[in-house]
Amino acid sequence: MNLGSIFSKIRRFDAYPKTQEDFRIRTYGGAVISIVSGIIMTILFLSELSYYLTTDTDTTLLVDTSRGLKMKINFNITFPRLACSGMSVDAIDVSGEQHLDVEHTIYKRRLDPNGNQMGDDALHVLGSTPTNALMQPLDPKRCESCYGAETAERKCCNTCEDVKDAYRKKGWALRDPATVEQCKREGIDTVEKLKPLPNEGCLVYGHIEVNRVAGNFHFAPGHSSQQSHAHVHDIQGLSLGAIDPTDPLKSVDNFLKSFNMTHNIDQVSFGEPVPGVVNPLDGVSQLDDKGALMCKYYIKIVPTVYQKLNDVVRRACLRRVLARTCAC
């Protein structure tokens, strides 16, 4: 068997026999059909390939049996008319746990009237001691005066915050911190240092971790504390300049304008980010044109577990805004 006969047998397997060149007719219509057919086949191939590579999301509703887990609340909110020095962030839940004046996971960025950054971002550590106090070694067994606000439970006030807290529990106002040795030592020796700078704004961003129960977290002017089982904010240092004894109506107007709660919500999310989920509060803005505005956002949270095909698990929370109310 020679090589030519082998090739001849192989040609018999050709399922598409070709006609001779003399019997072929090429037309423009045939060319158009060939081009269109090629394009359609390419599109179908790419679409089927894309569908094959795309993963589907399967949603299953289960009873959450986990206990003791924390939920992370992420936020990025701009207050263009409220200074960082006069703002606190608190979280309270129905279990009784409170996070007052939370600062250890929050950054505050000072903003000028045009929204530009002033200085570096400040990370405030909860319970930190000012630099002036660190430079002065103090007796750990000391017992300093509460300036008349001593009680049976509290005989000593070793820090400026202790003195202010003792005054709050008595229902008194600390008019001039310059007369308190602890405040002078810590650098809070004048009322002016407690007041925010005029026309200064604040960008607050970071996260707090709370129990996965019903509760609230809020941004408010002044430093927060507990007084007679009530949650209060001390705004004395922010409002003293607004009081005019000779004109009560003007004092009220100045007082309201000293707390401008205009805000722009860039982000408020719960848990870790989940692809394809849009946070309903992102991009929400509220203008405070009268002053002393209080806005409440009611949000429904659903614990969610997002698991990829590679077994990477993300714990997030789907949220839905139920209502928003704002009033002076």
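Note that the structure is a prediction, hence the values are computed from the model and not measured.

**Things to note about the overall build of the chain**
Line of reasoning, step 1. Looking only at helices and strands, the chain features eight helices and 13 strands.
Line of reasoning, step 2. Residues counted as buried form 28% of the 328 residues belonging to the chain.
Line of reasoning, step 3. Expressed as a percentage of contacts within the chain between residues at least 6 apart in sequence, the contacts between residues at least 24 apart total 63%.
Line of reasoning, step 4. Counting only carbon and sulfur atoms, one obtains 57% of the accessible surface of the chain, whose full area is about 22200 Å².

**Re a nonpolar patch on the surface**
Line of reasoning, step 1. On the surface, F45, L46, L49, Y52 and L53 cluster together to form a nonpolar patch covering roughly 600 Å² of accessible area.
Line of reasoning, step 2. Along the chain, L49 turns up in helix 2 (residues 28–53).
Line of reasoning, step 3. Residue L49 is classed as partly exposed on the basis of its relative accessible area of 37%.

**Details of the pattern of salt bridges**
Side-chain pairs of opposite charge can arise whenever the charged atoms involved come near each other.
Line of reasoning, step 1. One pass over the structure, following the stated rule, counts three salt bridges.
Line of reasoning, step 2. A salt bridge links E144 to R142; its shortest N-O distance comes to 2.7 Å.
Line of reasoning, step 3. Accessibility expressed as a relative area gives 23% for R142, which makes it partly exposed.
Line of reasoning, step 4. One salt bridge in this structure joins R154 and D165, with 3.0 Å as the shortest N-O distance.

**Some points on the nonpolar core**
Line of reasoning, step 1. Core analysis: the largest hydrophobic core is formed by 23 residues, its most contacted members being F75, F79, V204 and F219.
Line of reasoning, step 2. Those elements that provide at least two residues to this core are strand 1 (70–79), strand 2 (87–93), strand 6 (201–211) and strand 10 (263–270).
Line of reasoning, step 3. By residue number, the principal contributor to this core is strand 1, which donates five residues.
Line of reasoning, step 4. Once you skip the residues sitting within four places of it in the chain, F219 turns out to touch F75, I77, F79, M87, S88, V89, V204 and M261.
Line of reasoning, step 5. Counting ten residues, the second-largest nonpolar core is a separate cluster that includes A149, A166, L174 and V180.

**Observations concerning the side chain of N211**
Line of reasoning, step 1. Positionally, N211 belongs in strand 6.
Line of reasoning, step 2. Residue N211 is classed as buried on the basis of its relative accessible area of 17%.

**Structural notes on the confidence of the model for the chain**
Predicted coordinates in areas of low pLDDT are best not read in detail.
Line of reasoning, step 1. Looking at the chain, pLDDT values average 75 and 69% of them are 70 or higher.
Line of reasoning, step 2. When mean pLDDT is compared element by element in the chain, helix 2 scores highest at 91, while helix 3 (residues 131–134) scores lowest at 41.
Line of reasoning, step 3. Throughout residues 124–135 the model reports pLDDT below 50, and contacts reaching past four residues in sequence, or to other chains, amount to 17 contacts.
Line of reasoning, step 4. Contacts of residues 189–194 to residues separated by more than four positions or lying in other chains number 15 contacts, the stretch itself having pLDDT below 50.

**Focus on the packing of aromatic side chains**
Line of reasoning, step 1. Under the definition given, this model contains six aromatic pairs.
Line of reasoning, step 2. Measuring from centroid to centroid gives 5.2 Å for F75 and F219, while their planes differ by 85°, and the two rings are edge-to-face. Of this pair, F75 sits in strand 1 while F219 sits in strand 7 (residues 215–221), and the two are 144 residues apart along the sequence. Each member of the pair F75 and F219 is classed as buried.
Line of reasoning, step 3. Their ring planes at 75° and their centres at 6.5 Å tell us that F217 and F270 sit as a pair that is edge-to-face. Residue F217 is found in strand 7, and its partner F270 is found in strand 10; the two are separated by 53 residues along the sequence.

**Examining helix 2**
Line of reasoning, step 1. The terminal C-alpha atoms of helix 2, which comprises 26 residues, lie 38 Å apart, in line with the 38 Å expected from a rise of 1.5 Å per residue.
Line of reasoning, step 2. Sparse coverage of helix 2 is indicated by the burial of zero of its 26 residues.

**Thoughts on the pairing of strand 2**
Line of reasoning, step 1. With seven of seven residues buried, strand 2 is to be regarded as a mostly interior element.
Line of reasoning, step 2. As judged from the seven bridges shared by strand 2 and strand 7, these two strands associate in the antiparallel manner. Paired with S88 across the two strands is A220, which belongs to strand 7.

Thresholds applied
- Sequence order sets the numbering: in each chain, residues are counted from 1 along the sequence as written.
- Residue-level local features of this predicted model are given only where pLDDT is at least 70; pairs of side-chain atoms are given and counted only at 80 or more, and the full residue set underlies all totals for whole chains, interfaces and linings.
- As a rule here, side-chain values cover all heavy atoms of the structure and leave hydrogens and water aside.
- Numbered from the N terminus, helices here are DSSP runs of H or I no shorter than four residues, and strands are runs of E no shorter than two.
- Three labels apply to residues, based on accessible area from a 1.4 Å probe with only protein chains included: buried if under 20% of the type maximum, exposed if over 50%, partly exposed otherwise in between.
- Whether two residues touch is decided by their heavy atoms; if any such pair falls within 4.5 Å, the residues are in contact.
- Areas reported as accessible are Shrake-Rupley estimates using a 1.4 Å probe. Residue values count occlusion only from the protein chains shown.
- Think of a patch as exposed residues, more than 30% relative accessible area, with no salt bridge, where like charges cluster within 9 Å and nonpolar side chains (Val, Leu, Ile, Met, Phe, Trp, Tyr) cluster within 5 Å.
- Only one rule defines a salt bridge in this text: a Lys or Arg side-chain nitrogen within 4 Å of an Asp or Glu carboxyl oxygen.
- By nonpolar core we mean a set of buried residues, namely Ala, Val, Leu, Ile, Met, Phe, Trp, Tyr and Cys, connected to one another through side-chain atoms within 4.5 Å.
- Scored between 0 and 100, pLDDT is the confidence that the predictor attaches to each residue.
- Within 6.5 Å between ring centres, the rings of Phe, Tyr and Trp (the latter by its six-membered ring) count as paired, and their orientation is classed by plane angle as stacked under 30 degrees, edge-to-face over 60, tilted in between.
- The length a helix should cover is 1.5 Å for every residue beyond the first.
- A pair of strands is considered paired only if DSSP assigns at least 2 bridges between the two.

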